[in-house]
Amino acid sequence: MRATLTGLTMAAAVGLAVGLAGPAQAEVKIKLEPYVTGVNAPLAMVPIPDGSGRKALIEQSGKVRIIDNRGRLRPEPFLNIESKLVHLEPYFDEQGLLGIAFHPNYRQNGKFYVAYSQPLASGAPLDRKLWWAHTNVVAEYTVSKDDPNKADPTAEKIISAIDWPQFNHNGHWIGFGPDGKLYVSTGDGGYANDWGIGHNVTIGNGQDLMSPNGKMLRLDVDSPQTNYVPADNPFVGRSDALPQIWALGLRNPWRCSFDMGGNHELFCGDVQQNSYEEVSIISKGANLGWRRMEADKCFDFLKPNDHPASCDKAGLTDPILVYKNCTAKPDGCMGISVTGGYVYRGSHKAWDGKYIFGDWSKSFSEMDGQIFFGTKGADGKWTMEKATVVGMEKLPYILAFAQDEQGEVYALTSITTGPVGSLDTVYKIVPAN
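Residues numbered from 1 in each chain as written. Predicted model: local features only at pLDDT ≥ 70, side-chain atom pairs only at ≥ 80, totals over all residues. Heavy atoms only, no water.

Enquirer: Can you break down the overall build of the protein residue by residue, with the values?
Expert: Secondary structure summary: the protein contains two helices and 26 strands in total. Considering only C-alpha atoms, the protein reaches an extent of 60 × 60 × 40 Å along its principal axes. By the burial criterion, 60% of the 433 residues in the protein qualify as buried. Considering only contacts within the protein whose residues lie at least 6 apart along the sequence, 62% involve residues at least 24 apart. (Helix = DSSP H or I, 4+ residues; strand = E, 2+ residues; numbered from the N terminus. Buried < 20%, exposed > 50% of the residue type's maximum accessible area, 1.4 Å probe, protein only. Contact = heavy atoms within 4.5 Å.)

Below you can see the structure in the form of structure tokens.
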């Protein structure tokens with residue numbers, strides 16, 4: 001999920017745009033208006049598509065909470081799966097309840113989906129039982145027939161289950177696309193450099209089409225008879241690739257989103273290694289480059305901080321934004337852990353089409369979260385700038401972003417580095433007048 005002490009992480013750093021950047025944009029001044037307080041490590045907040053105006057918020061420790069149409073947090077959880085999760089370390093952990101998505105026809109069928117880390121499945125091979133960390137699952141639930149603010153905890157159906165070698169780089173943002181299919185981001189399996197236990201030694205998991213790790217998966221949750229694989233996925237019918245793969249070459253896609261306007265593109269903030277970070281647009285069959293590349297730089301997994309001058313870039317899709325990571329590039333860096341966000345489509349027309357995203361913090365040891373605006377120029381190139389937050393000298397850790405049905409964007413924050421306590425806040429991002 002977020003940055004680790006050594007840059008091994010879920011969401012690694014943001015900095016000044018380099019390589020792909022165009023002219024600097026005018027300064028953006030924003031305010032953060034408290035929306036919901038008293039939550040624990042909020043990792044996603046999504047509208048409930050039933051016309052009620054409610055939202056669902058997930059806490060890393062295992063609870064799905066309901067926010068009513070007046071912005072009030074209901075005290076009782078919509079769903080509590082704490083007992084299903086692997087043990088979470090309170091100081092720092094990248095496992096837990098990681099994603100939530102509501103079926104496009106939720107009003108009719110009451111179905112929704114959560115992604116979480118459970119203890120390693122009992123049927124795992126012996127070597128995995130000895131060394132691997134957990135199993136990441138995507139599960140279907142349904143709302144209670146008697147109470148719209150309660151899910152039926154007995155109605156779980158597993159849609160996807162992937163054994164995970166390390167505790168980190170889980171990804172597992174989930175969301176429905178405009179095509180009605182469920183997209184699932186997966187990290188490369190953890191540790192660092194796409195290497196070690198559970199990794200393809202030769203090319204890394206990100207480039208291995210027989211591994212579900214380091215990918216964007218695409219599932220048809222309404223077609224169990226095809227093992228949830230859509231017939232038009234790009235690798236269907238190939239013997240050398242898993243059919244659920246939509247795109248490859250990801251390291252740790254920490255928070256993705258579909259643009260609710262424009263061309264409905266899929267944006268992801270993808271955590272890289274020690275030197276650079278990236279934001280990418282994910283398309284069908286795309287290869288985003290990891291571990292052949294770190295962002296837009298050639299990468300050598302044996303010498304991760306020394307980028308070769310040249311490498312094979314054939315068939316790779318460039319990121320739209322690249323920036324420095326403070327771990328290995330402190331000069332001009334802007335953070336240690338990218339957090340993907342949303343394309344703004346709300347009421348402030350000057351922001352329309354801008355991609356709002358951020359960085360977990362510029363430091364692991366103290367809160368110093370960052371919020372950025374990405375702008376696409378007339379030449380098709382993107383630039384980024386740091387937003388100035390009026391009235392706040394330093395921001396909390398930026399865990400995630402959210403968007404409501406009106407296109408407004410929110411920042412999900414924490415004052416701790418791990419899933420402990422109930423002192424965290426969701427802020428609405430608004431212009432500073």
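Text resumes after the structure shown.
Enquirer: Lay out a nonpolar patch on the surface with the relevant residues and their values.
Expert: Together, Leu 126, Leu 130, Trp 131 and Ile 197 make up a nonpolar patch on the protein surface, roughly 490 Å² of accessible area in all. One can find Trp 131 in helix α2 (residues 126–131). (Patch = residues over 30% accessible without salt bridge, like charges linked within 9 Å, V, L, I, M, F, W, Y side chains within 5 Å. Areas by Shrake-Rupley, 256 points an atom, 1.4 Å probe, with all protein chains shown as cover. Salt bridge = Lys/Arg side-chain N within 4 Å of Asp/Glu carboxyl O.)

Enquirer: Please give an account of the packing of aromatic side chains that cites residues and values.
Expert: Summed over the entire model, instances satisfying the criterion amount to 23 aromatic pairs. Centre to centre, the rings of Tyr 344 and Trp 351 are 5.3 Å apart; their planes meet at 80 degrees, and the pair counts as edge-to-face. Under the relative-accessibility criterion, Tyr 344 is labelled buried at 1%. Look at Trp 351 and you get buried, because its relative accessible area is 5%. On the numbers, 5.0 Å between centres and 70 degrees between planes, the contact of Trp 351 with Phe 373 is edge-to-face. Linking Trp 351 in the loop between β20 (338–343) and β21 (355–359) with Phe 373 in strand β22 (residues 370–376), this pair joins segments that are 22 residues apart in sequence. Summarising the burial analysis for this pair, Trp 351 and Phe 373 share the class buried. Pairwise contacts between aromatic rings join Phe 267, Tyr 323, Tyr 355, Phe 357, Phe 372 and Trp 382 into one cluster. Positioned above the aromatic ring of Trp 132, the side-chain terminus of Arg 128 is 4.2 Å from the ring centre. (Phe/Tyr/Trp six-rings, centres within 6.5 Å; stacked < 30°, edge-to-face > 60°. Lys NZ or Arg CZ within 6 Å of the ring centre and 35° of its normal.)

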